[in-house]
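Residues per chain are reported as follows:
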Amino acid sequence: MDIVFRMVLFSFVAVPILGMYLFQDSLLYHPDTFSLPELLRRVKSSTVKVWPEANENYRGFLSISHPADARGTIVVFHGNAGSAVDRQYYVNALVPLGYRVLLAEYPKYGARTGSLGERNLVSDAAATLKAVRQAFSGPLYVWGESLGCAVATGVAADKSLDVNGVVLITPWNNLPDLAQALYWFLPAKWMVRDRYDNVANLKDFKKPVALLMAGEDEIIPNKHTLAFYEAVQSPKRLWVFQAAYHNTWPMSPTEKWWGEVVDFSSTGSRDTP
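For clarity, every value in this text was computed on a predicted model and none was experimentally measured.

### Digging into the pattern of salt bridges
When the charged atoms of two side chains with opposite charge come close together, those side chains can pair. Summed over the entire model, instances satisfying the criterion amount to 11 salt bridges. Close ionic contact of Arg41 with Glu38 constitutes a salt bridge, the shortest N to O distance being 2.9 Å. On the criterion of helical spacing, the pair formed by Arg41 and Glu38 is a turn pair, its members being 3 residues apart in helix α3 (residues 36-43). What makes Arg41 exposed here is its relative accessible area of 55%. The exposure class assigned to Glu38 is partly exposed, which follows from its relative accessible area of 23%. Through salt bridges with shared partners, one network takes in Asp32, Glu38, Arg41 and Arg42.

### Details of the confidence of the model for the protein chain
Overall, the prediction assigns the protein chain a mean pLDDT of 89, with 87% of residues at 70 or greater. Every residue in residues 4-19 scores below 50 in pLDDT, and together they form 6 contacts with partners more than four places removed in sequence or on other chains.

### Structural notes on the packing of aromatic side chains
For the structure on display, the rule yields 16 aromatic pairs. Seen in terms of ring centroids, Tyr89 and Trp249 are 5.9 Å apart; in terms of plane orientation they differ by 75°. Their pairing is edge-to-face. Taken together, the residues Tyr89 in helix α4 (residues 89-94) and Trp249 in the loop between β10 (236-241) and α10 (256-267) connect sequence positions 160 residues apart. Between Trp239 and Phe264 the ring centres are 6.0 Å apart and the planes differ by 70°, which places this aromatic pair in the edge-to-face class.

### Focus: the sheet that holds β10
To summarise the sheet geometry, strands pair through backbone hydrogen bonds and adopt either a parallel or an antiparallel arrangement. The sheet built from 8 strands is open, its strands ordered β2-β3-β6-β4-β7-β8-β9-β10 with mixed pairing. Of all strands in the sheet, those bounded by a partner on one side alone are β2 (48-51) and β10. Taking the axes of each pair of neighbouring strands and ignoring which way they run, one obtains an average angle of 20° across the sheet. Where strand β9 (residues 209-214) and β10 come together, 6 bridges link them in parallel fashion. Following the sheet pairing, Ala210 is matched in β10 by Arg237. Along the sheet, α3 makes contact with β2 and β3 (60-63), crossing β2 at roughly 150°. Of the strands in this sheet, β2, β4 (73-77), β6 (100-104) and β7 (140-145) are in contact with helix α5 (residues 118-135), which crosses β4 at around 165°.

### Quick word on the nonpolar core
The biggest cluster of nonpolar side chains holds 43 residues, and the ones touching the most others in it are Phe77, Leu129, Val155, Leu168 and Tyr196. Of the residues forming this core, the biggest block, 7 residues, is contributed by helix α6 (residues 147-156). Those residues in contact with Phe77, other than ones at most four positions away along the chain, are Ala104, Tyr106, Ala125, Leu129, Val142, Trp143, Gly144, Glu145, Gly148, Val151, Ala152 and Val155. In this structure, Val50, Ile169, Trp257 and Val261 belong to the second largest nonpolar core, which totals 37 residues.

Calculation notes
Residues numbered from 1 in each chain as written. Predicted model: local features only at pLDDT ≥ 70, side-chain atom pairs only at ≥ 80, totals over all residues. Heavy atoms only, no water. Salt bridge = Lys/Arg side-chain N within 4 Å of Asp/Glu carboxyl O. Helix = DSSP H or I, 4+ residues; strand = E, 2+ residues; numbered from the N terminus. Buried < 20%, exposed > 50% of the residue type's maximum accessible area, 1.4 Å probe, protein only. pLDDT = per-residue confidence, 0-100. Contact = heavy atoms within 4.5 Å. Phe/Tyr/Trp six-rings, centres within 6.5 Å; stacked < 30°, edge-to-face > 60°. Pairing = 2+ DSSP bridges. Axes fitted to C-alpha atoms, helices over the stretch in contact; angles between N-to-C directions. Core = buried A, V, L, I, M, F, W, Y, C linked by side-chain atoms within 4.5 Å.

Have a look at this one:
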């Protein structure tokens, strides 16, 4: 009976651990995928166009109505679910403030091919920024949302891309610590393959960093966001949406914080309106 009990106990422990290790991509990434024709239907009569080409080589969705003399280009890296085409609220808020906006798409999301994983997403994001640099002049800013924060800091760490400022919405400090907090009953921090370490990515970054935290974030505990904020050594500022949850932070283009954040990210000054 003792042997049987030990085998049963082992199965209760080993099966969840093995499952988490083998299927962690499905736990972390939740892409909305569709065909290229469906993609083109989704952007028809919208605020964006497929960029740089309306074919399988596209990298994201570019704002249509931005001013010719834009104050710069903002590249947005979205969260782990859906697709970039769902994030047009960034375009609605940032174009009126004078910016060109690109909603970057990840490999294996939307109609794009490729592979998931930190190395693939960050290297692809770097290629997108290089394409943006070749196509447009002026300052280049990267914005990230949740998972996208780690992609944004990953490209900001590449000095050759010359990122002028970083804006991060509901970021964590690093993925192993977050995984351990969410799956406290497993040795989760030792099991994750992707590190997505925002602290390490920005340790040598000297440009402005704006962090936005949802005060009631049920996915990323505030202490993880605050630990990241404390570790940032560059000019920084924190906005807290006190009553907001992870996916309910204020997205309306009329919100005052949009203007405050773009002003800070472009100057590094705390004297924002």
